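Now for the letters of each chain:
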Amino acid sequence: MTSNQDLISTIAAFDLKAYIADRQPKVEAALDAAIRPGYPDTIYAAMRYSLLAGGKRLRPILCLASCEAVGGNPEVAMPMACALEMVHTMSLIHDDLPAMDNDDYRRGKLTNHKVYGEDIAILAGDGLLAYAFEYIATHTHGVSADRVLRAIAHLAQAVGADGLVGGQVVDLESEGNAQISIETLMYIHNHKTGALFKSSVVGGAILAGATELEIEKLAKFAHNIGLAFQIIDDILDITATQAELGKTAGKDLQAQKATYPKLWGLEESRHQADKLVAEAKTILAEFGDRARPLQALADYIIDRKN
């Protein structure tokens, strides 16, 4: 049995900065190659504008790391990794629209609708969402069809009414309601944010041929880090500047949204995020050295500044 101290020492010895420096450019290159300029020029330009606007690429990197954690070749998971970023980018484009969060900046740049108009922004998001599934289906090689199908189904569920869309609806319906419970808040974020984290981790494992027990453990890991990510997001919305965030700070307060700091306070929110990540890393202890990237990424989630 690996002790907590041994686990901390092992993770500390892992060079996450070097790992990200290796993986991030590969993801960027794959995304650039996945959607090339085309006709109609405007829609391809709008899709590429947001997809290639930078960002942490956390979900694709989690997908690749999860594939590695169960002994798979991360190259087979790259189409899934790209699809996850396409879906995530779609959600950001739509989330920033005036009908939703009405934001002017994302990743330090003007939001899609501020550059291309609301109509094209909506269609750019639609285009990215549709192409995400096409891309997994047509570009995943060296993996059995049943695994590819299962990964696609998992991602589809993460995006739909049982996932991101459902969480977004409850989030919108909860704005301005001072009586939102912690249970409702967790529902929102387990679906709006957590579902895509889960699909990132589980999808990579499915493509690598993980066992059902491995998938179950990785799903629990993903649940914890997804919730921790959102708690930290809520904290940063209060404590970070627009320059640090790359988007408008204080939006949750302006929209009168329920947040973890609002219900728990900043100190307890941070404690809960730390606890979730500690549990997540422990879950993966038995995966050995192959899980070190995932464990280090869990720490990154709560130590990030944007």
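A quick note: this is a predicted structure, and the numbers were derived from the prediction, not measured.

On to unusual backbone geometry. With omega at 0°, the peptide bond leading from Tyr 39 into Pro 40 counts as cis. By the element assignment, Pro 40 lies in the loop between helix H2 (16–34) and helix H3 (41–51). Even without a glycine there, the phi angle at Asn 102 is positive, about 55°. Here Asn 102 lies in the loop between helix H5 (78–95) and strand E1 (105–106).

An α-helical segment advances 3.6 residues per turn. Residues three or four places apart therefore align on the same side. Over its 15 residues, helix H8 (residues 145–159) runs 21 Å from end to end, which matches the ideal 21 Å to within 8%, given 1.5 Å per residue. Among the residues making up H8, those that are buried are Val 148, Ala 151, Ile 152, His 154, Leu 155, Ala 158 and Val 159. Seen from one end, H8 has its buried residues packed into an arc of 160°, which puts them on one side. Opposite the packed face of H8, turned more than 90 degrees from it, sit the exposed residues Ala 145, Asp 146 and Leu 149. On its buried face, H8 sits against H5, helix H7 (118–139), helix H9 (164–174) and helix H11 (194–208).

Once that is clear, we can look at the packing of aromatic side chains. Within this structure, the stated rule accounts for five aromatic pairs. Here Tyr 49 and Tyr 116 contribute two aromatic rings whose centre-to-centre distance is 5.7 Å and whose plane-to-plane angle is 75°, an arrangement assigned as edge-to-face. On the criterion of sequence distance, the pair formed by Tyr 49 in helix H3 and Tyr 116 in helix H6 (residues 112–116) is long-range, its members being 67 residues apart. Overall, the relative accessible area of 25% leaves Tyr 116 in the partly exposed class. Where Tyr 131 meets Tyr 135, the ring centres are 5.6 Å apart and the plane angle is 50°; that geometry is what we call tilted. Of the two residues, Tyr 131 and Tyr 135 both sit in helix H7, four residues apart, roughly one turn of that helix. Classification of Tyr 131 as buried rests on a relative accessible area of 18%. Taking the ring centre of Phe 229 as reference, the NZ or CZ of Arg 59 above it sits at 5.4 Å.

Let us now look at the environment of Ala 65. Residue placement: Ala 65 occurs in helix H4 (residues 58–69). For Ala 65, a relative accessible area of 0% translates into the label buried. With 140 residues separating them in the primary sequence, Ala 65 and Ala 205 have C-alpha atoms 8.9 Å apart. In contact with Ala 65, other than residues within four places in its own chain, are Tyr 19, Pro 293, Leu 294 and Leu 297.

A few words on the packing of H2 against H5. The packing of two helices is summarised by the inter-axis angle and the distance between the axes. In contact at an axis separation of 10 Å, H2 and H5 are set at 75° when each is read in the N-to-C sense. Put simply, H2 runs roughly perpendicular to H5. Only Met 78, Cys 82, Glu 85 and Met 86 of H5 make contact with H2, whose side of the interface consists of Lys 26, Val 27, Ala 30, Leu 31 and Ala 34. For the contact of H2 with H5, the class distribution of residues is seven nonpolar, no polar and two charged.

As a further point, take the environment of Val 202. Residue position: Val 202 is located in helix H11. Discounting chain neighbours no more than four positions away, the residues touching Val 202 are His 154, Ile 215 and Ala 219.

Once that is clear, we can look at the state of the cysteines. Taken as a whole, this structure holds zero disulfides when the rule is applied. Between Cys 67, a free cysteine, and Cys 63, which holds the nearest cysteine sulfur, the sulfur-to-sulfur gap is 7.0 Å. For the unlinked cysteine Cys 82, the closest cysteine sulfur is that of Cys 63, found at 9.3 Å.

Ranked by internal contacts, the top residues of the largest apolar core, which has 91 residues, are Met 86 and Leu 155. Take this core: its biggest share by element is 13 residues, from helix H12 (residues 212–239). In contact with Leu 155, not counting residues within four places along its chain, are Met 80, Ala 83, Leu 84, Val 87, Phe 133, Ile 136, Leu 196 and Ser 199.

In this fold, Arg 57 is placed in the loop between H3 and H4. Only 2.8 Å separates the side chain of Arg 57 from the side chain of Glu 28, close enough to count as a polar contact. Excluding residues that lie within four positions of it along the chain, Arg 57 makes contacts with Gln 24, Val 27, Glu 28, Leu 31, Leu 51, Leu 52, Glu 85 and Arg 107.

On to H2. For H2, which comprises 19 residues, the first-to-last C-alpha distance of 26 Å matches the rise-based estimate of 27 Å (1.5 Å per residue) to within 8%. All buried positions along H2 are accounted for by Leu 16, Tyr 19, Ile 20, Arg 23, Val 27, Ala 30, Leu 31 and Ala 34. Within H2, the buried residues cover an arc of 105° as seen down the axis, which keeps them to one side. Away from its buried face by more than 90 degrees, H2 exposes Lys 17, Ala 21 and Ala 33. Buried residues belonging to H2 abut H3, H4, H5, H7 and helix H17 (292–303). Between the side-chain oxygen at the start of H2 and the backbone nitrogen of Lys 17 there is a gap of 3.3 Å, and the oxygen is on Asp 15.

Conventions adopted
Residues numbered from 1 in each chain as written. Predicted model: local features only at pLDDT ≥ 70, side-chain atom pairs only at ≥ 80, totals over all residues. Heavy atoms only, no water. Helix = DSSP H or I, 4+ residues; strand = E, 2+ residues; numbered from the N terminus. Expected span 1.5 Å × (residues − 1). Buried < 20%, exposed > 50% of the residue type's maximum accessible area, 1.4 Å probe, protein only. Arc of directions from axis to C-beta. Contact = heavy atoms within 4.5 Å. Phe/Tyr/Trp six-rings, centres within 6.5 Å; stacked < 30°, edge-to-face > 60°. Lys NZ or Arg CZ within 6 Å of the ring centre and 35° of its normal. Axes fitted to C-alpha atoms, helices over the stretch in contact; angles between N-to-C directions. Parallel < 35°, antiparallel > 145°, perpendicular 65-115°, else oblique. Nonpolar A, V, L, I, M, F, W, Y, C, P; charged D, E, K, R; others polar. Disulfide = S-S within 2.5 Å. Core = buried A, V, L, I, M, F, W, Y, C linked by side-chain atoms within 4.5 Å. Polar contact = N/O pair within 3.5 Å; in protein donor to acceptor, adjacent residues only side chain to side chain.

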